[in-house]
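A look at the structure
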Amino acid sequence: MGNFRYSTFIAKSWFLFVCLITFSAPALIRAQETEQNSANKTDAALPSLVATKECLKTSSSSECLDRLFREALKNHTTGDVLQLIERFEAEDPEFRRDCHPVVHSVGRETFRLKGNIHDSFSACDQTCHSGCYHGSVERFLRGDDVYSESYKHPSQAELKQKARAACDANTPLRLRYQCLHGLGHAILFFSAYQLQSSLDICDALGDDWSRSSCYGGVFMENVSNATNEKKNFSPTDYHAPCNQLADQYRQECYIMQTSRMMEMGLSTEQMLQECAKAGAYHAACTQSIGRDLSNEARVGQSRAAAQKCELARDHTRLACMEGVVYALVDNTWDGRYAMPFCAAFANNTDQEECFEMSIQYLRTFFEKPIEDIARDCSRHAAHSPRCVELAVQR
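Quick look at the structure, then.

This next bit is on the overall build of the protein chain. For the protein chain, the count of helices and strands is 22 helices and 0 strands. Every one of the 394 residues in the protein chain was classed for burial, and the buried ones make up 49%. Here the analysis covers contacts within the protein chain between residues at least 6 apart in sequence; of these, 67% occur between residues at least 24 apart. Summing over all exposed atoms, the protein chain offers an accessible surface of approximately 18900 Å²; the carbon and sulfur share of this is 50%.

Following Ala240, the chain continues into Pro241 via a peptide bond in cis, with omega recorded as 5°. Position of Pro241 relative to the elements: it lies in the loop between α13 (208-224) and α14 (247-263). With a phi close to 50°, Cys128 is a non-glycine residue in the positive phi region. Mapped onto the elements of the fold, Cys128 is located in helix α9 (residues 127-142). Residue classification places Cys128 among the buried residues on the basis of a relative accessible area of 1%. Even without glycine at this site, His129 takes up a positive phi of about 60°. In this structure, His129 sits in helix α9.

Attention now moves to the pattern of salt bridges. If charged atoms from side chains of opposite charge come close, those side chains can pair. Scanning the model with the defined rule gives 25 salt bridges in all. Salt-bridge contacts for Asp92 lead to Lys53; the nearest nitrogen and oxygen are separated by 2.8 Å. Here Asp92 is found in the loop between α5 (78-91) and α6 (93-98), whereas its partner Lys53 is found in helix α3 (residues 49-57), with 39 residues between them in sequence. Across the pair, Lys53 and Asp92 agree in class, each one buried. Taken together, the shared-partner salt bridges in this structure form one network comprising Asp66, Arg70, Arg108, Glu109, Arg112 and Arg139.

Attention now moves to the environment of His118. You can see His118 is positioned in helix α8 (residues 117-123). Separated by 53 residues in sequence, His118 and Thr171 have C-alpha atoms that sit 9.5 Å apart. At 3.3 Å, the side chain of His118 forms a polar contact with the side chain of Asp119.

Moving on, we come to the nonpolar core. In this structure, Phe69, Leu183, Ile187, Leu199, Phe219, Met339 and Phe341 are the most contacted members of the largest nonpolar core, which totals 104 residues. Ranked by residues supplied to this core, first place goes to helix α11 (residues 173-190) with 9 residues. Filtering out sequence-adjacent residues up to four positions away, Phe341 remains in contact with Ala297, Ser302, Ala305, Ala306, Cys309, Met321, Val324, Val325, Leu328 and Cys354.

Mapping His239 onto the fold places it in the loop between α13 and α14. Those residues within four positions of His239 in sequence are excluded, and the remaining contacts are Tyr254, Gln257, Met261, Glu274, Lys277 and Ala278.

With that settled, consider α5. With 14 residues, α5 extends 20 Å from end C-alpha to end C-alpha; this agrees with the ideal 20 Å at 1.5 Å per step. Where α5 is concerned, the buried positions are Thr78, Val81, Leu82, Leu84, Ile85, Phe88 and Glu89. Down the axis of α5, the buried set is contained in an arc of 150°. They therefore lie on one face. Across from the buried face of α5, at angles greater than 90 degrees, the exposed residues are Ala90 and Glu91.

The next subject is the state of the cysteines. Inspection of the entire model under this criterion finds 10 disulfides. The disulfide partner of Cys242 is Cys253, and the gap between their sulfur atoms is 2.1 Å. In this structure the cystine formed by Cys242 and Cys253 twists about its S-S bond by roughly -85°; its chirality is therefore left-handed. Separated by 11 residues along the polypeptide, Cys242 in the loop between α13 and α14 and Cys253 in helix α14 bring together distant segments of the chain. Residue class for Cys242 comes out buried when judged on its relative accessible area of 0%. Each sulfur of the disulfide joining Cys342 and Cys354 lies 2.1 Å from the other. Across the disulfide from Cys342 to Cys354, rotation about the S-S bond amounts to roughly -65°, and the bridge is consequently left-handed. Within this pair, whereas Cys342 is found in helix α19 (residues 338-343), its partner Cys354 is found in helix α20 (residues 348-364), the two being separated by 12 residues in sequence. Residue classification places Cys354 among the buried positions, given a relative accessible area of 0%.

Each value, and the rule that gives it
- Residues numbered from 1 in each chain as written.
- Predicted model: local features only at pLDDT ≥ 70, side-chain atom pairs only at ≥ 80, totals over all residues.
- Heavy atoms only, no water.
- Helix = DSSP H or I, 4+ residues; strand = E, 2+ residues; numbered from the N terminus.
- Buried < 20%, exposed > 50% of the residue type's maximum accessible area, 1.4 Å probe, protein only.
- Contact = heavy atoms within 4.5 Å.
- Areas by Shrake-Rupley, 256 points an atom, 1.4 Å probe, with all protein chains shown as cover.
- Salt bridge = Lys/Arg side-chain N within 4 Å of Asp/Glu carboxyl O.
- Polar contact = N/O pair within 3.5 Å; in protein donor to acceptor, adjacent residues only side chain to side chain.
- Core = buried A, V, L, I, M, F, W, Y, C linked by side-chain atoms within 4.5 Å.
- Expected span 1.5 Å × (residues − 1).
- Arc of directions from axis to C-beta.
- Disulfide = S-S within 2.5 Å.

In structure tokens, the structure reads:
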């Protein structure tokens, strides 16, 4: 409300100023009015933060968001819209936490305009966990009438055929991963949230890494879809469905499982106890705790997130740390959130291991040059010179 009143005051002041100089500079005024009207028209075509958050609250949030960004993309590029999302993230910590489905929508509408994954990926970027890439792959499978004509969902055989052709093996690893992850989201949707059928479609992909990347998208869609009755969970078993699946799926399942444990009311300490019961997947489950804690780090609560990882012991602390770091770097493809998180550990050894983990991930998976990583260290962990030292040692 304060911003609105301030904007109204400025607008009225500008109008009075224009009136005062009307007779002395008519040509200048006409030029200024034309420029202002053009700017107002452009801004009006972009969705507001309020409208975007209202869509997120509805039971048909995907359709609502798609309509919003379909209109925005009539007069703006995908890059323009993603810059808007980044501004919303900077303004509103709650939106920063919940923005991933929003950029999925931008990706769906981008694919609708571009018509192919290559051009869609060229238009997208990493904003909010690379959701634009994921949404593009969703639209590749879904088409335009998915919401109103669900009977048009492709068969499992058609999905397997499309899945094999969806993601170009020659693209950089970070982009191929986004494609495969988005594919997993879309496959579960089109399989009417039948978990095993969806995993079977991922199994049609040609190598273990592609299959596991696809599994991850399936399990994230299972956790994050807005319709609770479609989720494949147990009301009483903290480990379902992971403990009911074949071994080949359990690693990726457990990397998402603590989101469900949190929904069931468990604290971090209780989740650590449950993860200890996961046997061979103890570390994967603890990594899931870290992935969930990344939401705290992204809204400026790095120390709170680090303290919760400090509750874990030995190798499981590293797993928690890894979950946070990977999620934070995946979010922005740089160290803006990961470096402050690492600096927040009380123990120097933990700090160093966290910095090393972040640097390695940025260097290998995202192919970031050493000088860029060192710059991230200087900018985002200025009080921890060890970060720069570790970066330049590589």
